[in-house]
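# Analysis of the macromolecular model
Each chain, written out:
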Amino acid sequence: MSSSPTQSISLTRYLIEEQRAGRINADLRLLIEVVARACKTISIAVGKGALGGVLGDAGTPGVASMNIQGEAQKKLDVLSNEILLEANAWGGHLAGLASEEMDTSHPIPDVYPRGNYLLLFDPLDGSSNIDVNISVGTIFSVLRCPDGVTNAADEHFLQPGTQQVCAGYTTYGPSTMLVLTVGNGTHAFTLDREVGSFMMTTRGMSIPEETKEFAVNMSNQRFWEPPMQRYVGDLLSGKEGPRGKDFNMRWVASMVADVHRILTRGGIFSYPLDSKCAPKGGKLRLMYEANPMSFLVEQAGGAASTGRQRMMEVQPTGLHQRVPVFIGSKKEVEAAVRYHAEHDTSHSSK
Ligand SMILES: O=P(O)(O)OC[C@H]1O[C@](O)(COP(=O)(O)O)[C@@H](O)[C@@H]1O
Ligand SMILES: [Mg+2]
Ligand SMILES: [Mg+2]
């Protein structure tokens, strides 16, 4: 196989280039390398499936182990969380970390040197797909620890997405891929299992502004707000309808897989507010799902919104805060936002 120039670039070499260019420092480079190595370990566990005894629910038979989200944890949720914790706790590049699977943020023990970064992660995304061998992933976001703070606590993580210095995800699918941004475009790396290295396979991912593909869990339709009903109704009306073109639908139910498809060929992914999840503010989490995906998508020329506000400008109020999500091709996200604005304007006067 002739290796194109891109493929000869390993993740390590790419990070050294970014450091030489002054866009990242040694601590952030180390942090990314440590997270990438942890994801390789998770990839091996995921790849083993039933042979590795990692499928199924955590907890004991009949007694599910629940996380702060009120969701039953899968064995791989717990194992992936442990792998990321163990890999990062001693590194000297962090002041604290937080995870979907942990109630509160995890301070770095006094015995270890501390760094200036805060790491947030969804250790295993797409948990409902684990036992059925469909792509799952890990999502992560990096923030700076506020100056003068040595013992990071939950409130120090509550920074808007615009403050992220790095974001990424790995997908554990037919191949294991790492998609990363440090604020200089979004790039994809594929794990070369023989060598054990992530090799760059796409430099500068670019999302087409227009799309004919949408992803949403249609089974929630009757619970959606009116603007969302109208927006999707018009998509489904196709070229005979106000949008004047036919749209196709996809829904993997693993955010990493749906967003990876969009970063690769365009589309829009949405998990809107519905009357079921409204009391919680939405289904997906701002800090370790929506914000990192928004940074990656915006760096690839796409857009991300709550439907009413640019995602990365949302001021967080809680570590596990949930938000409505519209993310993907710029013009299509703008269209979804327009439907919400038109509704809110016409209803505000009433
Ligand atoms: O089950 P639904 O309603 O289709 O929701 C699927 C969504 O839930 C998630 O699985 C939530 O993430 P976790 O698996 O990390 O809890 C997303 O990956 C996915 O987009
Ligand atoms: Mg998730
Ligand atoms: Mg998860």
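Cut-offs used in this document
- Residues numbered from 1 in each chain as written.
- Chains lettered and ligands numbered in written order.
- Predicted model: local features only at pLDDT ≥ 70, side-chain atom pairs only at ≥ 80, totals over all residues.
- Heavy atoms only, no water.
- UniProt positions renumbered as here; feature names shortened; annotations may be inferred.
- 1 Å grid on protein atoms, 1.4 Å probe; cavity = no way out; pocket = protein on both sides within 12 Å on 5 of 7 lines; lining within 4 Å.
- Helix = DSSP H or I, 4+ residues; strand = E, 2+ residues; numbered from the N terminus.
- Buried < 20%, exposed > 50% of the residue type's maximum accessible area, 1.4 Å probe, protein only.
- Pairing = 2+ DSSP bridges.
- Contact = heavy atoms within 4.5 Å.
- Axes fitted to C-alpha atoms, helices over the stretch in contact; angles between N-to-C directions.
- Near = heavy atom within 4 Å.
- Polar contact = N/O pair within 3.5 Å; in protein donor to acceptor, adjacent residues only side chain to side chain.
- Areas by Shrake-Rupley, 256 points an atom, 1.4 Å probe, with all protein chains shown as cover.
- Sits in = over half its atoms within 2 Å of the grid points.
- Nonpolar A, V, L, I, M, F, W, Y, C, P; charged D, E, K, R; others polar.
- Domains from an automatic or database assignment.
- Donors = N, O, S within 2.8 Å, 3.2 Å for Na, K, Ca; no water.
- Salt bridge = Lys/Arg side-chain N within 4 Å of Asp/Glu carboxyl O.
- Phe/Tyr/Trp six-rings, centres within 6.5 Å; stacked < 30°, edge-to-face > 60°.

Taking an unreviewed UniProt entry as the reference, the chain is identified by name as Fructose-1,6-bisphosphatase class 1 belonging to Lysobacter niastensis. Quoted verbatim from the Sequence similarities (unreviewed entry) field of UniProt, the annotation for the chain is "Belongs to the FBPase class 1 family."

Moving on, we come to the UniProt feature "binding site: Mg(2+) 1" (unreviewed entry) in the chain. Residues given the UniProt feature "binding site: Mg(2+) 1" (unreviewed entry) here are Glu-100, Asp-122 and Leu-124. Taken together, the annotated residues stretch across 25 residues yet fold into one region, lying no more than 8.9 Å apart by C-alpha. Within the annotated group just given, the residues that line the largest pocket are Glu-100, Asp-122 and Leu-124. Its location among the elements puts Asp-122 in strand 5 (residues 117-125). Judged by its relative accessible area of 0%, Asp-122 falls in the buried class.

Spatially, 12-11-13-17-15 is the arrangement adopted by the 5 strands of the open sheet, whose pairing is mixed. Whereas interior strands pair on both sides, the edge strands pair on one side only; in this sheet they are strand 12 (248-249) and strand 15 (303-305). Examined bridge by bridge, strand 13 (residues 268-271) and strand 17 (residues 325-328) share 4 bridges and lie antiparallel to one another. Looking across to strand 17, one finds that Phe-269 is bridged to Ile-327. Against the sheet, helix 7 (residues 286-299) touches strand 15 and strand 17, its axis set at about 25 degrees to strand 17.

With that settled, the discussion passes to the pairing of strand 9 (residues 186-192). Across the 7 residues of strand 9, 5 count as buried, placing the element largely inside the fold. In this antiparallel pair of consecutive strands, strand 8 (residues 176-181) and strand 9, the connection spans 4 residues, and Gly-183 shows a positive phi of 95 degrees. When strand 9 meets strand 10 (residues 197-202), the two strands line up antiparallel, connected through 5 bridges. From the neighbouring strand, Asp-192 faces strand 10, where its bridge partner is Ser-197. Linking strand 9 to strand 10, which pair antiparallel, is a turn of 4 residues; within it Gly-196 sits at a positive phi near 85 degrees.

Around ligand 1 sit 18 residues, and of these Asp-125, Gly-126, Ser-127, Met-255 and Tyr-271 come closest. A distance of 2.8 Å separates an oxygen atom of ligand 1 from a polar backbone atom of Ser-127. Glu-289 has a polar side-chain atom sitting 3.1 Å from an oxygen atom of ligand 1. Look at ligand 1: alone it shows 470 Å² of surface, and the protein chains cover 87% of it. When atoms are counted within 2 Å of each cavity's grid points, the one that captures over half of ligand 1 is the largest pocket. Residue assignment for the shell around ligand 1 shows that the elements contributing at least two residues are strand 5, strand 13 and strand 14 (284-285). No other element matches the 3 residues that strand 5 contributes to the shell around ligand 1. When grouped by side-chain class, the residues that make up the shell around ligand 1 number 7 nonpolar, 4 polar and 7 charged. Counting the residues that make up the shell around ligand 1, at least three belong to each of domain 1 (11-202) and domain 2 (213-348).

Asp-122 (OD), Asp-125 (OD) and Glu-289 (OE) make up the full set of protein donors to the magnesium ion (ligand 2), lying at 1.9 to 2.0 Å. Mapping the donors of the magnesium ion (ligand 2) onto the primary sequence gives the spacing D-x2-D-x163-E. Separating the magnesium ion (ligand 2) from the magnesium ion (ligand 3) is a gap of 3.6 Å, bridged by Asp-122, which donates to each. Neither residue differs from the other here; Asp-122 and Asp-125 are each classed as buried.

Okay, the pattern of salt bridges next. The tally for this structure, following the rule as stated, stands at 22 salt bridges. Between Asp-131 and Lys-74 there is a salt bridge, with its nearest N and O atoms 2.9 Å apart. Taken as a pair, Asp-131 in the loop between strand 5 and strand 6 (136-144) and Lys-74 in the loop between strand 2 (63-64) and helix 3 (75-89) lie far apart in primary sequence, 57 residues in all. Judged by relative accessible area, Lys-74 falls into the buried class, the value being 15%. One continuous salt-bridge network, built from bridges that share partners, spans Glu-71, Glu-100, Arg-285, Glu-289 and Arg-322.

Using the criterion set out here, one finds 4 aromatic pairs in the structure. Centre to centre, the rings of Tyr-14 and Phe-189 are 5.7 Å apart; their planes meet at 55 degrees, and the pair counts as tilted. Placement of Tyr-14 in helix 1 (residues 11-20) and of Phe-189 in strand 9 is noted, with a sequence separation of 175 residues between them. You'll find Tyr-14 and Phe-189 in the same group, each marked buried. Relative to Tyr-339, the ring of Tyr-231 has its centre 5.3 Å away and its plane inclined at 70 degrees; by these criteria the two rings are edge-to-face. Within this pair, whereas Tyr-231 is found in helix 5 (residues 226-237), its partner Tyr-339 is found in helix 8 (residues 330-348), the two being separated by 108 residues in sequence. You'll find Tyr-231 and Tyr-339 in the same group, each marked buried. Ring-pair connections join several aromatic residues into one group, and the members of that group are Trp-251, Phe-269 and Tyr-271.

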